[in-house]
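# Commentary on secondary and tertiary structure
The chain contents come next:
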Amino acid sequence: MEPQNRRISLAYLIFRKEFLEIFRDRRTLMSVVIGPLVLTPMLFALMGPFIERMRQKAEKEQVRVGVVGSEQAPGFFALLKALPNTTLEPVPVEVAESTVRERTYRAVIVIPSDADQTLASGRSVGVQVLLDEGNQESQEATQRLKVALSLIGETILKQRLQARNLPADFATPIQVKEKPIASGGNAGLVLLSVMLPYILIISAFSGAIYAAFDQVAGEKERGTLETLLVSPASRGDIVLGKFTAVVAVCLITGVLTVAGLIITFTSRLQAFAWLSKGGMSISPSTIGVVLLVMLPLSVLFAGLLLAVSTFARNQKEAQTYLFPIMTLILLPAIISMFLGSEVELYYAVIPILNASIIIKQALSASFNPAFIGVALATSVIYAGIALLFAVHLFQKESVLLKA
């Protein structure tokens, strides 16, 4: 057998051995297979009733709102009393902000003293709403007040137009009506484009953690690594076999995560109706682009995790190094949730973030060839650096055999 073929054969034997051992462990089956393929749809199914219950509670909840200036503008205050599910209570102006800060009231409406006279003269009244921007309940109450005040304003406008014998649509010369195009995306697709990159990246990374840590750190702990090192396989064969096994785990986790989300968003089951709206589909080309992006990303993750596993004395020590690495992975993944698919080209050189944006482009069918080319090229470079670092550590006796 030629040396090159022999090396490939030995690396393949190590890959097969490690890959089969990885999937013999129930923890791996849970994190790689059951989690993405089964638990992901179940999670979305359980979230639906919870979110719907929270929405109904928010609509029916009685909200306490303070009112400044109710005595000077009784007419305007009477209009506010018609607000549904809202308890209005007068509050002195000097303590208005403190009552919101101390959460006595969700928000406080400040009515100008001349509000009644201003309305009677046909002019606009400037109403101020005090809120705590750091309190979600205060923000929700303010949004409810804005909607209610807008409806009151429309009612007053109609009365003014009617008093002048003008049609109700006199003040709205242009009316815009939204009509979704037949072949366009839907709300489920928008939500998927926000969540999928984050879920896919975290799932692929998390699914490979145990597999990578068990490859070297675990064998150091069990004392079986020395046996492998004295085998006919070279250091390069060993690290290549172990490395490809971890890459395969990353890819399988990513593919099964996509499959789980496809089940979630395309299913017509009532449990997923709040998400899918009964008709979202992901094209084969989109799936192909996602898998293409996952390949260098999986190589990057495998290189990082295998390097940590090689450097650590045991699995417990490897887990202590996991937090800073997980932070570096999470940060660009979270940032991707706040970016659209159309971004500047320099985002293409940021690892992990560039993969997230390409996935968004694939889902929205807004491909940018230049961005994809630069992102894939840089991802391959980063993945190569991670692999070379892992190989470098594997050649050092002081690191490889420390216990």
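Everything that follows concerns the structure shown earlier in this document.
Not measured: the values here are computed from a predicted model.

## What about the overall build of the protein?
For the protein, the count of helices and strands is 17 helices and 4 strands. The long-range fraction of contacts in the protein, counting pairs at least 24 apart against all pairs at least 6 apart in sequence, stands at 73%. Surface accessibility of the protein: about 21,800 Å² in total, with carbon and sulfur atoms responsible for 63%.

## Some words on the packing of helix α14 (residues 322-336) against helix α15 (residues 353-364)
Direction vectors running N to C along α14 and α15 enclose 30°, while the axes themselves pass 8 Å from each other. Judged by the angle between their axes, α14 and α15 are roughly parallel. In the packing of α14 onto α15, the handedness of the crossing is right-handed. Contacts from Pro 332, Ile 335 and Ser 336 of α14 reach α15 at Leu 353, Ser 356 and Lys 360. A per-class count over the contact of α14 with α15 returns 3 nonpolar, 2 polar and 1 charged.

## A closer look at the sheet that holds strand β3 (residues 107-110)
Note on sheets: strands pair through backbone hydrogen bonds, and any given pair is parallel or antiparallel. Spatial ordering of the open sheet is given by β2-β1-β3-β4, a layout of 4 strands whose pairing is mixed. A single partner strand is all that each edge strand has here, and the edge strands are β2 (86-90) and β4 (128-130). Direction aside, neighbouring strands of the sheet carry axes that sit 30° apart on average. As paired strands, strand β1 (residues 63-68) and β2 are joined by 5 bridges and run parallel to one another. Each bridged residue has a counterpart across the sheet, and for Gly 66 the counterpart in β2 is Glu 89.

## A short note on α15
Relative to the 16 Å expected for 12 residues at 1.5 Å per residue, α15 spans 17 Å between its end C-alpha atoms, a close match to the ideal helical length. Inspection of α15 places Leu 353, Asn 354, Ala 355, Ser 356, Ile 357, Ile 358, Ile 359, Lys 360, Gln 361, Ala 362 and Leu 363 among the buried residues, and these make up the whole buried set.

## Focus: the side chain of Lys 220
Within the secondary structure layout, Lys 220 lies in helix α8 (residues 217-222). Of the side chains with opposite charge, Glu 317 comes closest to the buried, unpaired Lys 220, at an N-O distance of 7.6 Å. From its side chain, Lys 220 meets the backbone oxygen of Thr 310 in a polar contact 2.5 Å long.

## Section: the pattern of salt bridges
Taken as a whole, this structure holds 5 salt bridges when the rule is applied. Look at the salt bridges and you will find they share partners, linking Lys 17, Glu 18 and Lys 242 into a network.

## Overview of the nonpolar core
Phe 205, Phe 213, Phe 301, Leu 305, Ile 329 and Phe 371 are the most contacted members of the largest nonpolar core, which has 68 residues in total. Sequence-distant contacts of Phe 371, that is, excluding residues within four places in its chain, are made with Val 343, Glu 344, Leu 345, Tyr 347, Ala 348, Asn 354, Ile 357, Ile 358 and Gln 361. Counting residues in hydrophobic clusters, the runner-up holds 20 residues, among them Val 67, Phe 76, Phe 77 and Ile 152.

## Examining a nonpolar patch on the surface
Residues Leu 29, Met 30, Ile 34, Val 38, Leu 39 and Met 42 make up a contiguous nonpolar surface patch of about 480 Å² in total accessible area. Taking relative accessible area as the criterion, Leu 29 reaches 33% and is therefore assigned partly exposed.

## Focus: the side chain of Ser 309
Tracing the backbone through its elements, the reader meets Ser 309 in helix α12 (residues 284-311). Taking the relative accessible area as the measure of exposure, Ser 309 reaches 0% and is therefore buried. At a separation of 2.9 Å, a polar atom in the side chain of Ser 309 contacts the main-chain amide nitrogen of Ala 217. Among residues more than four places away in sequence, those in contact with Ser 309 are Ala 212, Phe 213, Val 216, Ala 217 and Lys 220.

## Focus: the packing of aromatic side chains
A full pass over the atoms with the stated rule returns 4 aromatic pairs. Relative to Phe 301, the ring of Phe 205 lies with its centre 5.2 Å away and its plane at 80°, an arrangement referred to as edge-to-face. Of the two residues, Phe 205 is situated in helix α7 (residues 187-215) and Phe 301 in helix α12; the sequence distance between them amounts to 96 residues. The pair Phe 205 / Phe 301 is uniform in exposure class, with both members buried.

## Quick notes on the pairing of β3
Here β3 shows no split at all, with Ala 107 and Ile 109 on one side and Val 108 and Val 110 on the other all buried. Here β1 pairs with β3 via 4 bridges, running parallel. Paired with Val 65 across the two strands is Ala 107, which belongs to β3. Of the pairings in the sheet, the one linking β3 to β4 comprises 3 bridges and is antiparallel in character. Across the sheet, Ile 109 pairs through a bridge with Val 129, a residue of β4.

Rules behind the numbers
- Residues numbered from 1 in each chain as written.
- Predicted model: local features only at pLDDT ≥ 70, side-chain atom pairs only at ≥ 80, totals over all residues.
- Heavy atoms only, no water.
- Helix = DSSP H or I, 4+ residues; strand = E, 2+ residues; numbered from the N terminus.
- Contact = heavy atoms within 4.5 Å.
- Areas by Shrake-Rupley, 256 points an atom, 1.4 Å probe, with all protein chains shown as cover.
- Axes fitted to C-alpha atoms, helices over the stretch in contact; angles between N-to-C directions.
- Parallel < 35°, antiparallel > 145°, perpendicular 65-115°, else oblique.
- Left-handed = near helix turned anticlockwise from the far one by under 90°.
- Nonpolar A, V, L, I, M, F, W, Y, C, P; charged D, E, K, R; others polar.
- Pairing = 2+ DSSP bridges.
- Expected span 1.5 Å × (residues − 1).
- Buried < 20%, exposed > 50% of the residue type's maximum accessible area, 1.4 Å probe, protein only.
- Lys, Arg positive; Asp, Glu negative; His and termini not counted.
- Salt bridge = Lys/Arg side-chain N within 4 Å of Asp/Glu carboxyl O.
- Polar contact = N/O pair within 3.5 Å; in protein donor to acceptor, adjacent residues only side chain to side chain.
- Core = buried A, V, L, I, M, F, W, Y, C linked by side-chain atoms within 4.5 Å.
- Patch = residues over 30% accessible without salt bridge, like charges linked within 9 Å, V, L, I, M, F, W, Y side chains within 5 Å.
- Phe/Tyr/Trp six-rings, centres within 6.5 Å; stacked < 30°, edge-to-face > 60°.

Take it as geometry only, folks, not as evidence of what the structure does.
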